[in-house]
Amino acid sequence: MEYTKHRQYLLNQLILVLGAWKALGENDASLEQEFTNLLKALHPNMQTAISILEKHMEMEVAA
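Quick caveat: nothing in here was measured; it's all calculated off a predicted structure.

A word on the pattern of salt bridges. This model, assessed by the stated rule, comprises 1 salt bridge. Measuring nitrogen to oxygen at the nearest pair gives 2.7 Å for the salt bridge that ties Lys-22 to Glu-26.

Now the structure itself:
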């Protein structure tokens, strides 16, 4: 259960950081690095982490 909570936390943080990065015109290197670090924490394979995030966002929109 702890893994699920941590994964949910990472996904929520990714969405917040992505939103902040977009709001600042997509040119904030520190937010971009934070986003990359959170993706790596979610899954070591970047493409898999992005897929997980995309699916999470689809489920949030559908809810």
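Now for the nonpolar core. Core analysis: the biggest nonpolar cluster contains 13 residues, and Leu-14, Phe-35, Leu-39, Leu-42 and Leu-53 have the highest contact counts within it. Those elements giving two or more residues to this core turn out to be α1 (2–23), α2 (29–42) and α3 (46–62). For Leu-53, the contacting residues outside a window of four places in its chain are Leu-11, Leu-14, Ile-15, Phe-35 and Leu-39.

Cut-offs applied
- Residues numbered from 1 in each chain as written.
- Predicted model: local features only at pLDDT ≥ 70, side-chain atom pairs only at ≥ 80, totals over all residues.
- Heavy atoms only, no water.
- Salt bridge = Lys/Arg side-chain N within 4 Å of Asp/Glu carboxyl O.
- Core = buried A, V, L, I, M, F, W, Y, C linked by side-chain atoms within 4.5 Å.
- Buried < 20%, exposed > 50% of the residue type's maximum accessible area, 1.4 Å probe, protein only.
- Helix = DSSP H or I, 4+ residues; strand = E, 2+ residues; numbered from the N terminus.
- Contact = heavy atoms within 4.5 Å.

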